[in-house]
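Coordinates in review
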Amino acid sequence: HDVMTQLVRPFHWLVPGLLIGGEKKKSEKARIRKGLTMIAGTPGRVADHFATTESFGVSRMQFLILDEADRLMDMGFERDVSAICSHVSA
């Protein structure tokens with residue numbers, strides 16, 4: 001997330017956010033409500049927000065980063081990755 005924040009600093013219209021387990025969902029929801037255009041996160045947490053956070057829409061999101069998605073699928077996150085992809089493509 002730190003690298004992503006540094007990379008987008010010159011581009012004021014890009015708003016990055018990190019959604020990971022271990023963080024407070026309430027603070028993540030507040031950032032989501034403000035509007036994120038780039039999201040990096042763990043599959044479980046991103047899928048959870050898609051399912052439970054009303055303000056988490058994809059209309060303003062321009063980028064969703066699932067780093068090493070193929071490895072995530074191999075590690076048992078296939079259901080979460082598929083849910084995220086189907087939500088984004090809808």
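Structure shown above.
Okay, so let's go over this structure. Since the structure is predicted, the reported quantities are computational estimates derived from the model, not experimental observations.

Turning to the nonpolar core, a few remarks are in order. Soluble globular proteins: nonpolar side chains tend toward being buried together. Grouped together as the largest cluster of nonpolar side chains are twelve residues: L19, I32, L36, I39, V46, A47, F50, F56, L66, L72, V81 and I84. When residues of this core are traced back to their parent elements, those giving at least two are helix 3 (43-52) and helix 4 (69-89). Those residues in contact with I32 that lie beyond four places of it in its chain are L19, H49, T53, S55 and F56. One finds M4, V8, L14 and A40 within the second-largest nonpolar core, a separate group that totals five residues.

Structurally, F56 is set in the loop between helix 3 and strand 3 (63-65). Sequence spacing of F56 and K29 is 27 residues, and the spatial spacing of their C-alpha atoms is 8.0 Å. Apart from the residues lying within four places of it in its own chain, the contact partners of F56 are L19, I32, I39, V46, H49, F50 and H87.

Applying the stated rule across the entire model yields two salt bridges. Here D48 makes a salt bridge to K25, at a shortest N to O gap of 2.4 Å. Of this pair, D48 sits in helix 3 while K25 is found in helix 2 (residues 25-34), placing the two residues 23 residues apart along the sequence. We classify D48 as partly exposed; its relative accessible area is 26%. Of the charged contacts, one joins E28 and R45 as a salt bridge, the two residues approaching to 2.7 Å between their closest N and O atoms. One end of the pair, E28, is in helix 2; the other, R45, is in helix 3, and 17 residues separate them in sequence.

Definitions and cut-offs
Residues numbered from 1 in each chain as written. Predicted model: local features only at pLDDT ≥ 70, side-chain atom pairs only at ≥ 80, totals over all residues. Heavy atoms only, no water. Core = buried A, V, L, I, M, F, W, Y, C linked by side-chain atoms within 4.5 Å. Buried < 20%, exposed > 50% of the residue type's maximum accessible area, 1.4 Å probe, protein only. Helix = DSSP H or I, 4+ residues; strand = E, 2+ residues; numbered from the N terminus. Contact = heavy atoms within 4.5 Å. Salt bridge = Lys/Arg side-chain N within 4 Å of Asp/Glu carboxyl O.

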